[in-house]
Amino acid sequence: MSEEILIRQGAPTLAGIKTGSLFPCPCEDREEMCIRDSREDLLADIRRLNRRLSPKGLCLLPIRFLAGQALLYLYRPAELRRDLRDARVSELLRQAGYEDESCARCVARLACRFRESGEFPHEVGLFLSLIHI
C-alpha cells in the first residue's frame, strides 16, 4: 500500500478534521494476479504504518476484503471514544445491535457488520465524524 493512498484518502482524518475516514485500497491475491499488493503485503504495510501512526493518535484497520480491494478505516481512537459517548449516538448504536462496549469493540462490531452484508451499515457515519456544536 502506498503512503500516497493513505494521504489522499485519509487527509481529513490525518489533519484532525474528521474522526475517521473509510476508503478502498487495491489488494490482489497473488494466485490470481501478479500484483505487489497481496492481502499479506497489505496487512504487513498496515502494521508498519500503525507503528508510525499510533504515537500520533491514529489507527488504520482493514474493515473488509473484496475481490481486488480492501476497505480501510483510518481513525482517531480518542475522538471516536468521545463521539461514541454522545447519548444520541449510544442510542442509535444500541438500536443497531451494538452493546454498551468499548471503542475497540464497537469498531470490531462495525467490521463484522460490513462482512455480514454486501452493503454499508447505516451506522457507519457515526464512526466517521460527528459535528460538535
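Right above here is the structure, for reference.
Residues numbered from 1 in each chain as written. Predicted model: local features only at pLDDT ≥ 70, side-chain atom pairs only at ≥ 80, totals over all residues. Heavy atoms only, no water.

Asker: Quick question: what am I supposed to make of the pattern of salt bridges here?
Answerer: It is possible for side chains bearing opposite charge to pair when their charged atoms get close. For the coordinates displayed, the defined rule picks out 10 salt bridges. Across the salt bridge formed by Glu91 and Arg94, the nearest N and O atoms sit 2.5 Å from each other. Separated by three residues within a single helix, Glu91 and Arg94 lie in helix H4 (residues 87–95), roughly one turn from each other. Ionic pairing is found between Glu123 and Arg113, a salt bridge with its closest N-O pair at 2.7 Å. Of this pair, Glu123 sits in the segment after helix H5 (103–116) while Arg113 sits in helix H5, and the two are 10 residues apart along the sequence. What makes Glu123 buried here is its relative accessible area of 6%. Look at Arg113 and you get partly exposed, because its relative accessible area is 21%. Several salt bridges share partner residues, and in doing so they unite Glu3, Asp45, Arg48 and Arg52 into one network. (Salt bridge = Lys/Arg side-chain N within 4 Å of Asp/Glu carboxyl O. Helix = DSSP H or I, 4+ residues; strand = E, 2+ residues; numbered from the N terminus. Buried < 20%, exposed > 50% of the residue type's maximum accessible area, 1.4 Å probe, protein only.)

Asker: So what exactly am I meant to see when it comes to the nonpolar core here?
Answerer: Inside soluble globular proteins, nonpolar side chains tend to come together where they are buried. Within the largest apolar cluster, 20 residues are counted, with the highest numbers of intra-cluster contacts made by Tyr73, Tyr75, Leu80, Leu84, Leu93 and Phe127. Mapped onto this core, the elements with two or more residues apiece are strand S2 (59–66), strand S3 (69–75), helix H3 (77–84), H4 and H5. Excluding its chain neighbours within four sequence positions, the residues that come into contact with Leu80 are Thr19, Tyr73, Tyr75, Cys103, Val107, Leu126 and Phe127. Met1, Phe23, Leu42 and Leu49 belong to the second largest nonpolar core, which has 14 residues in total. (Core = buried A, V, L, I, M, F, W, Y, C linked by side-chain atoms within 4.5 Å. Contact = heavy atoms within 4.5 Å.)

Asker: When you look at the sheet that holds S2 in this model, what are you seeing that I'm missing?
Answerer: Within a sheet, each strand pairs with its neighbour through backbone hydrogen bonds, oriented either parallel or antiparallel. Within the open sheet, the three strands sit side by side as S1-S3-S2. Their pairing is antiparallel. What marks the edges here is a single partner per strand, and that holds for strand S1 (20–26) and S2. Mean inter-strand twist for the sheet, computed between neighbouring axes without regard to direction, equals 25°. Pairing between S1 and S3: seven bridges, direction antiparallel. Counted as the bridge partner of Gly20 is Tyr75 from S3. Sitting on the sheet, helix H1 (residues 3–14) is in contact with S1, S2 and S3, with an inclination near 175° to S1. (Pairing = 2+ DSSP bridges. Axes fitted to C-alpha atoms, helices over the stretch in contact; angles between N-to-C directions.)

Asker: Got a minute to help me understand the packing of H3 against H5 in this structure?
Answerer: Helix-helix packing: each pair is described by the crossing angle between the helix axes and the interaxial distance. Two numbers describe how H3 lies on H5: the axes approach to 10 Å, and their chain directions differ by 90°. It follows that H3 is roughly perpendicular to H5 by the angle criterion. On the side of H3, the interface is formed by Pro77, Leu80, Arg81 and Leu84, while H5 contributes Cys103, Cys106 and Val107. Partitioning the contact of H3 with H5 into residue classes produces six nonpolar, no polar and one charged. (Parallel < 35°, antiparallel > 145°, perpendicular 65-115°, else oblique. Nonpolar A, V, L, I, M, F, W, Y, C, P; charged D, E, K, R; others polar.)

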